[in-house]
Protein chains: 2
Amino acid sequence: MSRASDHAYAEIRSLILSGDAPPGSPLREEQLADLCGVSRTPVRDALRRLEAELYVVRSESQRTFVADWSREDVEEMFALRAMLEAHAARRAAERMTDDRLAELQSCNRAIETAVSKAKPDVVAFLNRNREFHGSIIEGASSPRLLATLATLVEQPIVRRTAMHYGREELEQSASEHRELLKAFAARDGEWAHAVMTGHIRRAFHAFTARSDQESEAR
Amino acid sequence: MSRASDHAYAEIRSLILSGDAPPGSPLREEQLADLCGVSRTPVRDALRRLEAELYVVRSESQRTFVADWSREDVEEMFALRAMLEAHAARRAAERMTDDRLAELQSCNRAIETAVSKAKPDVVAFLNRNREFHGSIIEGASSPRLLATLATLVEQPIVRRTAMHYGREELEQSASEHRELLKAFAARDGEWAHAVMTGHIRRAFHAFTARSDQESEAR
DNA sequence: GAGAGATGTAATGTATACAAAATGGAAGCG
DNA sequence: CGCTTCCATTTTGTATACATTACATCTCTC
């Protein structure tokens, strides 16, 4: 897409992900326009995209706010993600090519490298992890599914989960990916489905445990 | 939402659903603006919404076209819908209130009335059917799920499926709804899940059979 | 003093003009 | 004769000004 609109999208998204614009805080078009150095038109465009991707919500009076996810929302999001990604994993296993398998293996090696460092490289983990899951969805060869998933997988919550991962959880994640690769190598759809379900469910509980811990700290 | 933007949305959507703008045909902003009697700004807004709801697609050069669903796309859409609505049905059954149950029963009575007429009232069927499914999704009490589903359920394909239903298929659909109501009355999540899965799968096969038939006719 | 209504302020919605980009066709070249 | 390149035209992107709507505060009445 065009420059100004893309720039506004990236800028606002990063505001949200960094926490500079915390959940529930209002987003005024003119303020964002000034911040990005563009006019309101591309900002409105960016906000629409962010709304479709559930980063922001609009009140009935059309004011925009950073999305605030309740515990139930998060639970439901993980449940949906588990269903959808497990479905994608099954389809991907049934359609697995040698090329894609090699790509996935190489991707997970990069994840393991990022994790095994003295100070785990969480940003690299996140990027490679997204690449890994994205490649599986691609391998399911259903573009509509892909579009639907992309809006769920790329949620702030997911990123925050991993941002707070400890080494143990990061290694667990990479190990689950290895299991998934075995299922793919065997072209076993049911196996891949089951492993992916477990992978997402574990991530859910890691998130819940972490946020309970944070609540206590307060 | 505001008047002009809403109007443009409704107008363009109806262009697509009616078939006046067939799949693959280009949608030019200025032309649509003239048609709706508004400026390009609200038209752009409407197109963005329609894009998020998969009614239209944008080429890499940002031109907009009416979405063209391949057979695989349709198959995948139904598979996702089955998963998601069955999930919603399970949750709804587990949370079913007497009020909602009564509402659903009344809704399905309206469907049966529409179906049993000498000349089945397909438009009424469609509206009530959407109400029925919408109420179930609401009863699942997970707003994010609802938003995701709405984009899938309201697809042109779904509408066209029913538009081509014969009396037998319409009655079958109403009868499946009755079965679903029994599962809800029993607050049996698993039962509701199973019935809903069958309901959507049958709709899928009704659609495939119908479109195969149309292909032959050509 | 409390509540309802009005009014000013601040936000979003819309229209229009201009800028940039892409497409398609024509002309020139091999 | 086919291909490429360039230019005209069409289409979308952006900025800005103005209109409209929502919100908050203030005042007036009970």
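The rules we used
Residues numbered from 1 in each chain as written. Chains lettered and ligands numbered in written order. Predicted model: local features only at pLDDT ≥ 70, side-chain atom pairs only at ≥ 80, totals over all residues. Heavy atoms only, no water. Domains from an automatic or database assignment. Contact = heavy atoms within 4.5 Å. Buried area = accessible area lost by both parts, 1.4 Å probe. Salt bridge = Lys/Arg side-chain N within 4 Å of Asp/Glu carboxyl O. Polar contact = N/O pair within 3.5 Å; in protein donor to acceptor, adjacent residues only side chain to side chain. Helix = DSSP H or I, 4+ residues; strand = E, 2+ residues; numbered from the N terminus. Nonpolar A, V, L, I, M, F, W, Y, C, P; charged D, E, K, R; others polar. Near = heavy atom within 4 Å. Expected span 1.5 Å × (residues − 1). Buried < 20%, exposed > 50% of the residue type's maximum accessible area, 1.4 Å probe, protein only. Pairing = 2+ DSSP bridges. 1 Å grid on protein atoms, 1.4 Å probe; cavity = no way out; pocket = protein on both sides within 12 Å on 5 of 7 lines; lining within 4 Å. Points joined across faces, edges and corners; volume = space filled by probe spheres on them.

## Remarks on the domain arrangement of chain A
A common way to report how large an interface is uses the accessible area buried once the components associate. All names here are of chain A. Here chain A is partitioned into domain 1 (3-66) and domain 2 (71-217). For domain 1 versus domain 2, the separation of C-alpha centres amounts to 27 Å. At the junction of the two partners, domain 1 supplies 8 residues and domain 2 supplies 7 residues. At the boundary of domain 1 with domain 2, total buried surface from both sides reaches about 610 Å², with 52% on carbon and sulfur atoms. For the pair domain 1 and domain 2, the number of links is 0 salt bridges. Where domain 1 touches domain 2, the interface holds 0 residue pairs in polar contact (both at pLDDT 80 or more). Here the element with the most residues in the side of domain 1 that touches domain 2 is helix α1 (residues 3-18); it accounts for 3 residues. Looking at the side of domain 1 that touches domain 2 residue by residue, the classes come out as 6 nonpolar, no polar and 2 charged.

## Regarding the protein's contact with DNA strand C
Within the structure, DNA strand C sits among 18 residues, and Arg40 and Arg44 of chain A together with Ser2, Ser39 and Thr41 of chain B are positioned closest to it. Expressed as a percentage, the sugar and phosphate content of the atoms of DNA strand C within 4 Å of the protein is 71%. At a separation of 3.0 Å, a phosphate oxygen of DNA strand C approaches a polar backbone atom of Ala4 of chain B. At the level of elements, α3 (40-52) of chain A together with α1 (3-18) and α3 (40-52) of chain B are the ones that each hand at least two residues to the surface near DNA strand C. In terms of residue class, the surface near DNA strand C is made up of 4 nonpolar, 6 polar and 8 charged.

## Quick look at helix α6 (residues 122-139) of chain B
Between its terminal C-alpha atoms α6 of chain B stretches 25 Å, which fits the 26 Å expected from 18 residues at 1.5 Å a residue. Among the residues of α6 of chain B, those classed as buried are Val122, Phe125, Leu126, Asn129, Phe132, His133, Ser135, Ile136, Ile137 and Gly139 of chain B.

## Let's talk about the sheet that holds strand β1 (residues 26-27) of chain B
Residue and element names in this part refer to chain B. The sheet built from 3 strands is open, its strands ordered β1-β3-β2 with antiparallel pairing. The outermost strands of the open sheet, each flanked by one partner alone, are β1 and β2 (56-58). Note that β2 and strand β3 (residues 64-66) share 3 bridges and pair antiparallel. Residue pairing for β3: Val57 is matched across the bridge by Phe65.

## Details of helix α10 (residues 189-217) of chain A
Residue and element names in this part refer to chain A. Taking 1.5 Å per residue as the helical rise, α10 with its 29 residues ought to reach 42 Å, and the 42 Å between its terminal C-alpha atoms agrees with that figure. Among the residues of α10, those classed as buried are Gly189, Ala192, Val195, Met196, His199, Ile200, Arg202, Ala203, Phe204, Ala206, Phe207 and Thr208. The inward-facing, buried residues of α10 contact α4 (71-94), α6 (122-139), α8 (156-163) and α9 (167-185). The opening residue of α10, the one whose side-chain oxygen lies 3.2 Å from the backbone nitrogen of Glu190, is Asp188.

## Quick look at empty space enclosed by the protein
Over the atoms a probe the size of a water molecule is rolled, and this reveals where empty space is left. Enumeration according to the criterion identifies 4 cavities of 30 Å³ or more in this entry. What the largest cavity holds in volume is close to 250 Å³. Contributing to the lining of the largest cavity are 20 residues, with Arg81, Leu126, Asn129, Val158 and Ala162 of chain A lying nearest its centre. Among the elements of the structure, α4, α6, α8 and α10 of chain A are those that each provide at least two residues to the lining of the largest cavity. For the lining of the largest cavity, the element with the most residues is α6 of chain A, which contributes 6 residues. Counted by class, the lining of the largest cavity contains 9 nonpolar, 6 polar and 5 charged residues. In this structure, the second largest cavity spans a volume of roughly 140 Å³. At the level of secondary structure, the elements contributing two or more residues to the lining of the second largest cavity comprise α4 (71-94), α6, α8 (156-163) and α10 (189-217) of chain B. The dominant element in the lining of the second largest cavity, judged by the number of residues it contributes, is α10 of chain B, at 4 residues. Considered class by class, the residues forming the lining of the second largest cavity number 7 nonpolar, 5 polar and 2 charged.

## A look at the protein's contact with DNA strand D
The environment of DNA strand D is formed by 18 residues, the closest being Ser2, Ser39 and Thr41 of chain A together with Arg28 and Arg44 of chain B. Counting only the atoms of DNA strand D that lie within 4 Å of the protein, the sugar and phosphate share comes to 69%. Glu29 of chain B is positioned with one of its backbone polar atoms (N or O) 3.2 Å from a phosphate oxygen of DNA strand D. If you list the elements that add at least two residues to the surface near DNA strand D, you get α1 and α3 of chain A together with α3 of chain B. A total of 3 residues in the surface near DNA strand D trace back to one element, the largest contributor, which is α1 of chain A. Looking at the surface near DNA strand D, its residues break down into 4 nonpolar, 6 polar and 8 charged.

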